[in-house]
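# Structure assessment
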Amino acid sequence: MNPVSAQADGRVRVRMAPSPTGPIHLGNVHTSLFNWLFARQRQGVFVLRFEDTDAARSDPKWERVIYDELRWLGLDWDEAPEPGGPYGPYRQTERLHLYRDWARRLVDAGAAYECFCSVEELEAERAEAQSGGRSYQYSRKCRNLSPERRADLLAGGRQPSVRFAIPDGQTVVVDDIIRGRVEFPTSAMGDPIIMRPSGVPLYNFAVVVDDLTMKVTHVLRGEGHISNTPLQVLIYQALGERLPLFGHLGHITGGGGSKMSKRRGEGYIGFYREMGILPDAMFNYLALLGWTPGGDREILTRREILAEFDIGRVTPAPSQFDLEKLLWVNGHHIRRLSVDELARRCAPFLASAGLVPAEPTPAELEKIVGVVALEQIRIEYLQAIVDATRFFFQETLSYTPQAVKMIEEPGVRAVLATAAERLRGLDTWTVESLERAGAALLEQLGQPPRAVYQPIRASVTGRTASPPLFDTLYWIGRDWSLERLSAACAGRPLPVGAPSGEKADKGQEQQE
RNA sequence: GGCCCCAUGGUCAAGAGGUUAAGACACUGCCCUUUCAAGGCGGCGACACGGGUUCGAGUCCCGUUGGGGCUACCA
C-alpha cells in the first residue's frame, strides 16, 4: 500500500533503540547482542536508533557512552546517528515531522482522533473509576466530536492530543518467534494517546513509525514489550503496513530474580570492564543466557557463537545474571590468551595501582610478563592481578596473620636462617639454581618440603599461598628475597597488612 | 482489579509423550601437588502444586501458587 513499507531487498534488518538517559543497561546489552548475532549471521543490517523524546532524562552525551560500551563488547552497527544511513535521522527528536505525518494519516483514515480532554479531566475520570472499584479506561468521549464542537474547542485555544481508536471486540494475534502464538483481546485496551499536544509522539507510536520507515524486519526485544505489541500491531494494520516479525527475549535479572542493582554498578557493562572481564568472555557468557549451542559446550569463541546461534533455540524464560559463572567463563578466556597478550591487558591495571610505570622499560616489561605468566591460571579477572602480584613489585611487604603465625611457629626461624644462608651463597639466581638449592636445603635439614618451603614462601611473599616457590623467588629477585628472609628470622614484629585481597587464603578474598 | 508473559537442582540449562531427567557454575570428597590455583575422577541436589487427556506426561490441556510486565500526555 505504501511504498515506504516495501522491503528494499531481502535483507534482514534489526534494530536496537536505547534511550540516551545513561549507560546501557546489561539487559539491553544482552538484547543488543542477540540482535547483532541475528543480523550478522544473515548478512543483515543492524540499526542503532536513539529514543530521546523524554527530554527531561535524555542527554546526547550518553550516546557516546553507549557507542563505546557496544564497541567494547565487539558489536558494530550499520546505521545510526553516526555514521548515518539511508533511513535517518536516527534520533527521535529529529524525526518529529515524520510522526506528525503518520499521525495525520491515521486521523484522516479515521483510525485515530483528536482528544481535547485536559490532564485534569482525565485525572478526574480515573479517580472516579478507582473509587468505584472499576478498572480505568479512557471514556472515549472525544472519539466522535462534532465538527462544530471541535472548532469551538480549537477556537478556545485547546491543543488536542491524538488518540488511537482501539477497535472493539477484536483479538490481536502475535506470532512471537520465541513464544509462539499470543492473543490479546482489544477490550482490555483503552484508546491510548499516541501524540502529545506538543507534537511529540509517545513511545508506542514512535516505535511503529520508526520501525516501519526504517524497514525493520525483525523486532527482537525484551519481554517487557510483549504487552505493547498488540497496540503496535493495530497501528501497523490501521496504516496498512506490513508487520515485522516479533521475538521477545526473557529478561536478565540480578541475584534472587530481582532487578539488577544499579547501586554498585552491576547492572552496567562498565563495572565488568573495570574489574577486568574480557570482552570475549562477556560475549560468551551473555550469549549463554537464554541460548545454548546444544551439547555440553560452554566456552565458545565469537566465531563459534556466530556460526551456531539460532534464534529458534532461544528460551522464553527469564534468567539470572550470575557473576560467579561469568568469572569462571572469564578464567577460561584468560587462559586462552597468549602470555604476551595477557600481560598487555594486565599492564594498565598494574600501572593504575602504581605497581609498574605506565610505560615500562624492557626489563620491567620482562618482569611483568614473567609474573603474569605465573598468574595466568590463577586469576579470574584482570584486576585480580594487582593483589596477586603486589609483592613482586613493592619493596615493602605486609604480612597476613596466617603468614606471621607460620613464621612464628617454634623452630621455623632456624629453618629460615639456614635457608637464607644457603640462598645467599648462590652464584646465580635462576629458577633452576634455586630449585637445586631448595633440594639441597631439604636434605640438609632433613625436613619435608612443606616444612621448609612454606615458611620461605610466607617470608618472601607475606602470605601462605603464591605461585610455585622458585619462580616466585626468581621474580622477587635476589635482593628483596634475602632482605625479606633476614627480616623474618630477625624476630622483630612483622607488619601485618589489612587483608588486601589475598587470593591465597580462603575466606580472605576481597569483596568486589 | 483487568490483560499478558514465565516456571526442570541455589544459578545457567538439555529435554520437542516412553530417558536410570544430560551438562555447566556454585558447594563438597578424593587424586595430582612445596602452598594457592588449574586439571582429573566422584558426591549432594530438580521437573512448583492440583486436576485432566493418554496404555504412558517434565513434555499436551485446565486451574492454583509464585515471579515478572503492561494497564501513563515514561521508554
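What counts and what doesn't
- Residues numbered from 1 in each chain as written.
- Chains lettered and ligands numbered in written order.
- Predicted model: local features only at pLDDT ≥ 70, side-chain atom pairs only at ≥ 80, totals over all residues.
- Heavy atoms only, no water.
- Helix = DSSP H or I, 4+ residues; strand = E, 2+ residues; numbered from the N terminus.
- Rg over C-alpha atoms; globule rule 2.2 N^0.38 Å.
- Buried < 20%, exposed > 50% of the residue type's maximum accessible area, 1.4 Å probe, protein only.
- Contact = heavy atoms within 4.5 Å.
- Areas by Shrake-Rupley, 256 points an atom, 1.4 Å probe, with all protein chains shown as cover.
- Lys, Arg positive; Asp, Glu negative; His and termini not counted.
- Charge placed at Lys NZ, Arg CZ, Asp CG, Glu CD.
- pLDDT = per-residue confidence, 0-100.
- Near = heavy atom within 4 Å.
- Polar contact = N/O pair within 3.5 Å; in protein donor to acceptor, adjacent residues only side chain to side chain.
- Nonpolar A, V, L, I, M, F, W, Y, C, P; charged D, E, K, R; others polar.
- Core = buried A, V, L, I, M, F, W, Y, C linked by side-chain atoms within 4.5 Å.
- Pairing = 2+ DSSP bridges.
- Right-handed = clockwise from strand over helix to strand, strands pointing away.
- Axes fitted to C-alpha atoms, helices over the stretch in contact; angles between N-to-C directions.

Looking only at helices and strands, one finds 20 helices and eleven strands in chain A. Taking 512 residues into account, the globule formula puts the C-alpha radius of gyration at 24 Å, and chain A, at 32 Å, lies well above it. Its C-alpha atoms give chain A principal-axis dimensions of roughly 110 × 50 × 40 Å. Counting the 512 residues in chain A, one finds 51% classified as buried. Intrachain contacts of chain A at a sequence separation of at least 6 include 75% that bridge at least 24 residues. With the model as given, the accessible surface of chain A reaches about 23,900 Å², and the carbon-plus-sulfur share is 51%. Here chain A contributes 60 positive and 65 negative side-chain charges, whose respective centroids are spaced 2 Å apart.

We now examine the confidence of the model for chain A. Taken residue by residue, chain A gives an average pLDDT of 91. The fraction at 70 or more is 94%. Segment residues 1-6 is flagged for pLDDT under 50; beyond a separation of four residues in sequence, or across chains, it makes ten contacts in the model. Long-range and interchain partners of residues 499-512, a stretch whose pLDDT sits below 50, account for 24 contacts in this model, where long-range means more than four residues apart. This prediction of the complex comes with two scores: 0.92 for pTM and 0.96 for ipTM.

Turning our attention to the protein's contact with RNA strand B. Close to RNA strand B lie 63 residues; Arg179, Arg196, Gly290, Ile377 and Ser466 are nearest. Between RNA strand B and Ser19, the relevant distance is 2.8 Å, taken from a sugar or linking oxygen to a side-chain nitrogen or oxygen of the residue. Note that a base nitrogen of RNA strand B is positioned 3.1 Å from one of the side-chain N or O atoms of Ser227. The set of elements that each furnish at least two residues to the surface near RNA strand B consists of helix H4 (119-131), strand E6 (180-185), strand E11 (319-320), helix H11 (323-336), helix H18 (449-461) and helix H19 (469-476). Partitioning the surface near RNA strand B into residue classes produces 27 nonpolar, 17 polar and 19 charged.

Counting buried positions along helix H14 (residues 384-393) yields nine of ten residues, so the element is predominantly enclosed. Along H14, the residues classified as buried are Ala384, Ile385, Val386, Asp387, Ala388, Thr389, Phe391, Phe392 and Phe393. As for H14, its buried residues are in contact with helix H12 (339-352), helix H13 (362-375), H18, H19 and helix H20 (478-490).

Okay, the nonpolar core next. Met282 and Phe321 are the most contacted members of the largest nonpolar core, which has 108 residues in total. Of the residues forming this core, the biggest block, eight residues, is contributed by helix H1 (residues 26-41). If we skip the residues at most four places from it in the chain, Phe321 touches Leu26, Ile252, Thr253, Met260, Tyr272, Met282, Tyr285, Leu286, Leu289 and Leu326. In this structure, Val45, Leu98, Val209 and Met214 belong to the second largest nonpolar core, which totals 37 residues.

Glancing now at the pairing of strand E8 (residues 218-222). Taking burial as the measure, the five residues of E8 include five buried ones, the bulk of the element. Pairing analysis gives five bridges linking E8 to strand E9 (residues 245-249), with the strands arranged parallel. Pairing of Leu220 across the sheet is with Gly247, part of E9. Between the parallel pair E8 and E9, the chain is carried across by helix H7 (residues 229-239), and the sense of this crossover is right-handed.

Once that is clear, we can look at the side chain of Glu63. Following the sequence through the fold, Glu63 ends up in helix H2 (residues 61-73). Look at Glu63 and you get buried, because its relative accessible area is 5%. For Glu63, the side chain forms a polar contact with the side chain of Arg91, separated by 2.6 Å. Each residue touching Glu63, except ones within four places of it in the same chain, is listed here: Pro20, Phe50, Pro81 and Arg91.

So, on to the sheet that holds strand E3 (residues 112-115). Spatial ordering of the open sheet is given by E3-E4-E7, a layout of three strands whose pairing is antiparallel. Across the chains shown, the open sheet's two edge strands, defined by having one partner strand only, are E3 and strand E7 (193-195). Adjacent strand axes in the sheet meet at a mean angle of 45 degrees, parallel and antiparallel pairs treated alike. Two strands pair when backbone bridges link them, and strand E4 (residues 161-164) and E7 are joined in this way by two bridges, in the antiparallel orientation. Bridge assignment links Arg163 to a residue of E7, and that residue is Ile193.

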